[in-house]
Amino acid sequence: ISLLSMFFWNSGVVYSIPAMMLVLFIVPAFVVPLAVLVFFWEMDITGTTSILDTLLMMLVGGILSIAVTGVFHAFITLPFSSEAYISGPLPEEIAKFLVVWLLLSRKKFKYGVQGILVGGAVGAGFSAIESAYYAWMTFMSQLQPVAAGNAFESMLGAMFGDGGATISMATQAMTETIISRGVLAIGG
């Protein structure tokens, strides 16, 4: 992953391909959740779910659960919304439950270990997408002082212009975010 990340960084900065910087947020965020998901897939002794189906469940389940969480946050006001430790995770967990229930409602899954696999796939997808989002937000928050206005212009200005030290600090902050979320994803 380090070599791959260095390749993406060089492509983004040296060769002026800003789209490669986006990959720099996504690839490391998926490393730990994907490793845990492969472990769950290996533990499925029924062997009826292919790795492709498992990866598809991770991607679709992660995207759907993020979308459902967004709908919950936008349209449902909880009576204890000032309590961040409840109002943040509660809609996320309900959204993941609904997506897992939707995937398990298919007749294909008959055994308990398949339920663990589906739940793990949805959780891994959610965790990876959320980690990529937090890495992006950390990176962009470090670049905000460089230029006021559009965040993307700020990133480009820092990458290709006057913000060499700022881009280094932003990359360091993003790396710390990815590492801490990757370590904590194992327990989650």
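K.L.:
Any chance you could explain the nonpolar core here in plain terms?
P.N.:
Across soluble globular proteins, nonpolar side chains have a tendency to be buried as a group. Membership of the largest hydrophobic core comes to 13 residues, with the highest contact counts inside it found for L37, M57, M58, L103, V118, A121 and V122. Broken down by element, this core gets its largest block of residues, six residues, from helix α6 (residues 112-143). In this structure, F25, M140, A170 and M174 belong to the second largest nonpolar core, which totals eleven residues.

K.L.:
Would you mind going over the environment of V23 with me for this structure?
P.N.:
If you trace the backbone, V23 turns up in helix α2 (residues 19-43). Looking at V23, the relative accessible area reads 25%, which means it is partly exposed. Considered as a pair, V23 and A132 are 109 residues apart in the sequence and their alpha carbons are 9.4 Å apart.

K.L.:
Just to check I follow, could you spell out the confidence of the model for the chain for this structure?
P.N.:
Taken as a whole, the chain shows an average pLDDT of 78; of its residues, 69% reach a score of 70 or greater. Averaged pLDDT values over the elements of the chain bottom out at 55 in helix α7 (residues 151-160) and peak at 91 in helix α3 (residues 51-75).

K.L.:
So what exactly am I meant to see when it comes to the pattern of salt bridges here?
P.N.:
When charged atoms on two side chains of opposite charge get close, those side chains can pair. Scanning the entire structure with this criterion turns up two salt bridges. Ionic pairing is found between K96 and E93, a salt bridge with its closest N-O pair at 3.1 Å. Linking K96 with E93, this pair stays in helix α5 (residues 89-104), spanning three residues, or about one helical turn. Residue K96 is classed as buried on the basis of its relative accessible area, which comes to 16%. Look at E93 and you get partly exposed, because its relative accessible area is 43%. Here E130 makes a salt bridge to R181, at a shortest N to O gap of 2.9 Å.

K.L.:
Please clarify how the packing of aromatic side chains should be interpreted in this entry.
P.N.:
The geometry of two aromatic rings is summed up by the distance between their centres and the angle between their planes. Counted under the stated rule, the structure contains two aromatic pairs. Centre to centre, the rings of F39 and F40 are 6.1 Å apart; their planes meet at 50°, and the pair counts as tilted. Geometrically, the ring pair formed by Y133 and Y134 is tilted, given 5.5 Å between the ring centres and 50° between the ring planes. The class for Y134 is partly exposed, based on a relative accessible area of 34%.

K.L.:
Is there a simple way to explain α5 in this structure?
P.N.:
It helps to recall that an α-helix has 3.6 residues per turn; residues three or four apart then point in one direction. Between its terminal C-alpha atoms α5 stretches 22 Å, which fits the 22 Å expected from 16 residues at 1.5 Å a residue. Among the residues of α5, those classed as buried are P91, E92, A95, K96, V99, V100 and L103. For α5, the angular spread of the buried residues around the axis is 170°, confining them to a single face. Residues of α5 that are exposed and point over 90 degrees away from its buried face: F97 and W101.

Reading the values: the criteria
Residues numbered from 1 in each chain as written. Predicted model: local features only at pLDDT ≥ 70, side-chain atom pairs only at ≥ 80, totals over all residues. Heavy atoms only, no water. Core = buried A, V, L, I, M, F, W, Y, C linked by side-chain atoms within 4.5 Å. Buried < 20%, exposed > 50% of the residue type's maximum accessible area, 1.4 Å probe, protein only. Helix = DSSP H or I, 4+ residues; strand = E, 2+ residues; numbered from the N terminus. pLDDT = per-residue confidence, 0-100. Salt bridge = Lys/Arg side-chain N within 4 Å of Asp/Glu carboxyl O. Phe/Tyr/Trp six-rings, centres within 6.5 Å; stacked < 30°, edge-to-face > 60°. Expected span 1.5 Å × (residues − 1). Arc of directions from axis to C-beta.

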